[in-house]
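Here are the chains, one letter per residue:
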Amino acid sequence: MPEARLTADFWVSAYLRRLGLNDIPAYVTAKGDPTAGAVLVKVALLDGTARASHRIWDPMADTRRWEMLAEGPEPEVDAAIARQRRYDPDLWVIEIEDRQGRTLLDEAGLG
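Taking an unreviewed UniProt entry as the reference, the protein is identified by name as GTP-binding protein Era belonging to Haematobacter massiliensis.

Below you can see the structure in the form of structure tokens.
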């Protein structure tokens, strides 16, 4: 059975709510296509470094999974995100600020 797909804006709203319930500050820094836009999640570790993850299709597992796009000094991660936005203007970007690097992306329902 094909995987049910939520609209991007619905998924982003639910994700922000889940982060908020866990006291993890997060913001939408770029709005993408409300229906089918891809989502990129950046976590700023508040020490000058950051990580950015995006979902990719894993043909071996026949599912989508989160993969690290960039990691390192925050300006370098921001540059990688800017390149992705130039490539895909429908991309949503969510920024999290968390010293522990929590994204909750490994929790059920966010894959």
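Moving on from the coordinates now.
1. Let's talk about the overall build of the protein
In terms of helices and strands, the protein carries 2 helices and 5 strands. In terms of overall size, the protein behaves like a compact globule, its C-alpha atoms giving a radius of gyration of 14 Å where 111 residues would be expected to give roughly 13 Å. In terms of overall dimensions, the protein has a C-alpha envelope of 45 × 35 × 30 Å along the principal axes. Across the 111 residues in the protein, those meeting the buried criterion constitute 38%.

2. Regarding helix H1 (residues 8-21)
Given a rise of 1.5 Å per residue, 14 residues ought to cover 20 Å, and the 20 Å separating the end C-alpha atoms of H1 matches this to within 8%. Among the residues of H1, those classed as buried are Ala8, Trp11, Val12, Tyr15 and Leu19. Take H1 and look down its axis: the buried residues cluster within an arc of 100°, on one side only. Along H1, exposed side chains directed more than 90 degrees from the buried face belong to Phe10, Arg17 and Leu21. At its buried positions, H1 is contacted by strand E1 (26-30), strand E2 (39-44), strand E4 (63-73) and strand E5 (92-97).

3. Let's talk about the environment of Leu91
With respect to the helices and strands, Leu91 occurs in the loop between helix H2 (74-87) and E5. Distance from Leu91 to Asp33, taken between C-alpha atoms, is 6.9 Å for residues 58 residues apart in sequence. Each residue touching Leu91, except ones within four places of it in the same chain, is listed here: Ala30, Lys31, Gly32, Ala38, Val39, Leu40, Gln84 and Arg85.

4. Description of the pattern of salt bridges
In this structure the tally under the stated criterion is 6 salt bridges. For Glu107, the salt bridge identified is with Arg18, shortest N-O distance 3.5 Å. In this pair, Glu107 is assigned in the segment after E5 and Arg18 in helix H1, connecting sequence segments 89 residues apart. Judged by its relative accessible area of 33%, Glu107 is partly exposed. Arg18 sits in the partly exposed class, given a relative accessible area of 26%. Taking the shortest distance from any N to any O, the salt bridge between Asp78 and Lys42 comes out at 2.6 Å. Of the two residues, Asp78 is situated in helix H2 and Lys42 in strand E2; the sequence distance between them amounts to 36 residues. Overall, Asp78 belongs to the partly exposed group, its relative accessible area being 34%.

So, how was this worked out
- Residues numbered from 1 in each chain as written.
- Predicted model: local features only at pLDDT ≥ 70, side-chain atom pairs only at ≥ 80, totals over all residues.
- Heavy atoms only, no water.
- Helix = DSSP H or I, 4+ residues; strand = E, 2+ residues; numbered from the N terminus.
- Rg over C-alpha atoms; globule rule 2.2 N^0.38 Å.
- Buried < 20%, exposed > 50% of the residue type's maximum accessible area, 1.4 Å probe, protein only.
- Expected span 1.5 Å × (residues − 1).
- Arc of directions from axis to C-beta.
- Contact = heavy atoms within 4.5 Å.
- Salt bridge = Lys/Arg side-chain N within 4 Å of Asp/Glu carboxyl O.

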